[in-house]
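Single-letter residue listing:
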Amino acid sequence: QVQLVESGGGLVQPGGSLRLSCAASGSIFSIVVMGWYRQAPGKQRELVATISRGASTNYADSMRGRCTASRDYDKNTVSLQMNSRKPEDTAVYYCYANDAYNVYWGQGTQVTVSS
């Protein structure tokens with residue numbers, strides 16, 4: 001089992017920046033991919049960015065160029081630096097991890113983009 005705990009959400013103005021972090025614990029040696037998804041009110045959960053064990057990254061088209069995902073393999077953390085925020089980026093952001101058999105989710109952290 002893997003446990004994920006996010007931090008860093010909050011209120012940011014349009015055009016501003018925010019950094020999310022997620023710490024993994026438990027069976028961390030089994031983790032293959034870590035990353036971030038988000039879910040806006042009334043919408044399905046969608047990909048933001050992921051990083052594989054080999055450091056390959058995958059970004060949603062809407063986020064490419066506006067965010068950077070990074071992974072610290074020693075500290076077992078994954079971070080998401082988000083820039084140029086838009087109101088439509090308002091959502092609950094979930095940390096994600098998977099091993100060969102399971103998918104794991106954090107509890108989610110609210111990001112609100114508003115003036």
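Anything mentioned here points back to the structure above.
None of these values were measured; they are calculated from a predicted model.

Caption draft 1: Region of the structure containing the pairing of strand β4 (residues 33-39). With five of its seven residues buried, β4 lies for the most part within the structure. Between β4 and strand β5 (residues 46-52), which pair antiparallel one after the other, the connecting turn spans six residues, and Gly42 there sits at a positive phi close to 75°. Here β4 pairs with strand β9 (residues 91-98) via seven bridges, running antiparallel. Paired with Gln39 across the bridge in β9 is Val92.

Caption draft 2: Just the packing of aromatic side chains, in detail. In this structure the tally under the stated criterion is four aromatic pairs. Ring plane angle 45° and centroid distance 5.2 Å describe the contact between Tyr37 and Tyr96, whose orientation is recorded as tilted. On the criterion of sequence distance, the pair formed by Tyr37 in strand β4 and Tyr96 in strand β9 is long-range, its members being 59 residues apart. Between Tyr96 and Trp105, the aromatic rings sit 5.3 Å apart at their centres with planes inclined by 65°, giving edge-to-face as the arrangement. Judged by relative accessible area, which is 12%, Tyr96 ranks as buried. Residue classification places Trp105 among the partly exposed positions, given a relative accessible area of 36%. Here the aromatic residues Tyr37, Tyr94, Tyr96 and Trp105 are joined through ring pairs into a cluster of three or more. Above the ring of Tyr94, the side-chain terminus of Arg45 is found at 3.7 Å from the ring centroid. It is Arg45 that lies over the ring of Trp105; its NZ or CZ is 4.5 Å from the centre.

Caption draft 3: Representation of the nonpolar core. One finds Leu4, Met34, Trp36, Leu80, Met82 and Tyr93 to be the most contacted residues of the largest nonpolar core, which totals 29 residues. Contributing elements (two or more residues each) for this core: β1 (2-7), β3 (18-26), β4, β5, β7 (67-72), β8 (77-82), β9 and β11 (109-113). Excluding its chain neighbours within four sequence positions, the residues that come into contact with Met82 are Gly16, Ser17, Leu18, Leu20, Met63, Arg66, Cys67, Tyr93 and Val111.

Caption draft 4: Spotlight on the state of the cysteines. Counting across every chain of the model gives one disulfide. Paired through a disulfide, Cys22 and Cys95 show a sulfur-sulfur distance of 2.0 Å. Where Cys22 bonds to Cys95 through sulfur, the torsion about that S-S bond is close to -85°, and the disulfide is left-handed. Of this pair, Cys22 sits in strand β3 while Cys95 sits in strand β9, and the two are 73 residues apart along the sequence. Here Cys22 and Cys95 have matching classes, each one buried. The closest cysteine sulfur to the non-disulfide-bonded Cys67 is located on Cys95, 14 Å from its own sulfur.

Caption draft 5: Just the pairing of β5, in detail. The element β5 is largely enclosed, with a buried count of five among its seven residues. Where β5 meets strand β6 (residues 57-59), three bridges bridge the pair, whose relative direction is antiparallel. Of the residues in β6, the one forming a bridge with Thr50 is Asn58. Between β5 and β6, which pair antiparallel one after the other, the connecting turn spans four residues, and Ala55 there sits at a positive phi close to 75°.

Conventions used here
- Residues numbered from 1 in each chain as written.
- Predicted model: local features only at pLDDT ≥ 70, side-chain atom pairs only at ≥ 80, totals over all residues.
- Heavy atoms only, no water.
- Buried < 20%, exposed > 50% of the residue type's maximum accessible area, 1.4 Å probe, protein only.
- Helix = DSSP H or I, 4+ residues; strand = E, 2+ residues; numbered from the N terminus.
- Pairing = 2+ DSSP bridges.
- Phe/Tyr/Trp six-rings, centres within 6.5 Å; stacked < 30°, edge-to-face > 60°.
- Lys NZ or Arg CZ within 6 Å of the ring centre and 35° of its normal.
- Core = buried A, V, L, I, M, F, W, Y, C linked by side-chain atoms within 4.5 Å.
- Contact = heavy atoms within 4.5 Å.
- Disulfide = S-S within 2.5 Å.

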